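# Descriptive analysis of the structure
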Amino acid sequence: MKQGFLVLNNLVKVFGTGEKVVNAVDHIDLEVKKGSLVTLLGPSGCGKTTTLRMIAGFEIPTSGSIYIDDEDVSTTPPNQRPTTMVFQNYALFPHLTVFENIAYGLKIRRESANDIRRKTKEIMGLVGLEGYEERSPAQLSGGQQQRVSLARSLIMEPKVLLLDEPLSNLDAKLRVSTRLEIRKIQQRVGITSVYVTHDQEEAMTLSDRVVIMHEGKIMQIGTPQEIYAYPVNRFVADFIGKANFIRGHVTGMRPENELEIEIMGKKIIVPVQKDVFKEGADVLLVLRPESVKLESKKPDTLTGIIREAVYLGSQMVYEVDMAENIITVEIANPQEHVVFDTGEEVTLTFQEKNLHILPYEKEV
Ligand code: ATP
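So, here's what we can say about the structure. (Residues numbered from 1 in each chain as written. Predicted model: local features only at pLDDT ≥ 70, side-chain atom pairs only at ≥ 80, totals over all residues. Heavy atoms only, no water.)

We note that Met-264 has phi near 45°; this positive angle belongs to a residue other than glycine. Relative to the helices and strands, Met-264 resides in the loop between strand E12 (258–263) and strand E13 (266–271). Its relative accessible area of 21% is what places Met-264 among the partly exposed residues. With a phi close to 55°, Asp-300 is a non-glycine residue in the positive phi region. Mapped onto the secondary structure, Asp-300 falls in the loop between strand E15 (292–296) and strand E16 (303–311). Since its relative accessible area comes to 72%, Asp-300 is described here as exposed. (Helix = DSSP H or I, 4+ residues; strand = E, 2+ residues; numbered from the N terminus. Buried < 20%, exposed > 50% of the residue type's maximum accessible area, 1.4 Å probe, protein only.)

Next up on the list: the environment of Ile-269. Tracing the backbone shows Ile-269 in strand E13. In sequence terms Ile-269 and Tyr-132 are 137 residues apart; their C-alpha atoms lie 61 Å from each other. Look past the residues within four positions of Ile-269 in its chain and what remains in contact with it is Arg-254, Glu-258, Leu-259, Glu-260 and Glu-352. (Contact = heavy atoms within 4.5 Å.)

Right, let's get into the pairing of strand E1 (residues 6–15). Sheet analysis places E1 next to strand E4 (residues 63–68), joined by five bridges and oriented antiparallel. Looking at the pairing, Asn-9 lines up with Ser-65 of E4. Sheet analysis places E1 next to strand E2 (residues 22–32), joined by eight bridges and oriented antiparallel. For Lys-13, the partnering residue across the bridge sits in E2 and is Val-25. In this antiparallel pair of consecutive strands, E1 and E2, the connection spans six residues, and Gly-16 shows a positive phi of 75°. (Pairing = 2+ DSSP bridges.)

So this is what it looks like as structure tokens:
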């Protein structure tokens, strides 16, 4: 028996026929816990919107099944599913007031006027729209319109709330504040939510768990911390945050999941999560730019030459040429560190625990 409140089971969606076949969603499995927020994250065309639309019932799966609260809804029409969707473009009725827009679904359900008034008032308080009852959508800012859209979805008390890039029409500053608001409201209501975005920062700040998709497949499911610190492959490491990739070679095995690895002619000991590497194997070391420290060149260390030094106020970003690799290094609080110039020779240091090891993969 699956544990999730929302369960996607071997879900497939194929569009087109013959030579024009697109495997938009390619055998995915996902379990979402009750009350949690999961984001589907990935580059354009990876299948996240199609997945969301299948959960909503706007697309019928080619194969596989969808369960919500133990009920198979795979072929249930959208209006009979216990889901509501918040759209990118808000999709509000322009000729109705804010109150009427939010109350619309309850009216269709023929709830009593008293209930409609009470619930609408309550939800408007929850999303911070008190006082805006009589305005029309055109008299609201983008952020306020999106709150109306959220309220309109929440008032239906769905079992699963679906959000399709709800912030992409807002400017950068408003996006940041609105995503925090959405997270607070989601947690206060305790509603199980699936959120589609291609913005990794948005996914990291909002999610209990992030689902990384690529070409219709799920690459990794994990908490934001797990995805960042322990990406399962080069695609995920590259997609989430910035990453340096250094080719290495396993030269010895140590007890307790430690490996002896040679990189650029130097041997280092690295702890690994899983005991999957063999002596002699080529590996890929993932090193985040903020995990590297720089000092003046010392003998018998990993060294490089500064090719570029960019001051960004809160941090200094260096590109360091290490013969086989160009390594990006980010140093926070530049005023508290020695600042290096282009052409200077430096020693690079990092803590082995901040290295993440993957099986070797070529750049794609
Ligand atoms: P974006 O961020 O650009 O919206 P996405 O990850 O949401 O991308 P989808 O919209 O799910 O991706 O599309 C996945 C693939 O399926 C793409 O190659 C897309 O062109 C294709 N696709 C989506 N809808 C259809 C359709 N109705 N007919 C044919 N192909 C489709």
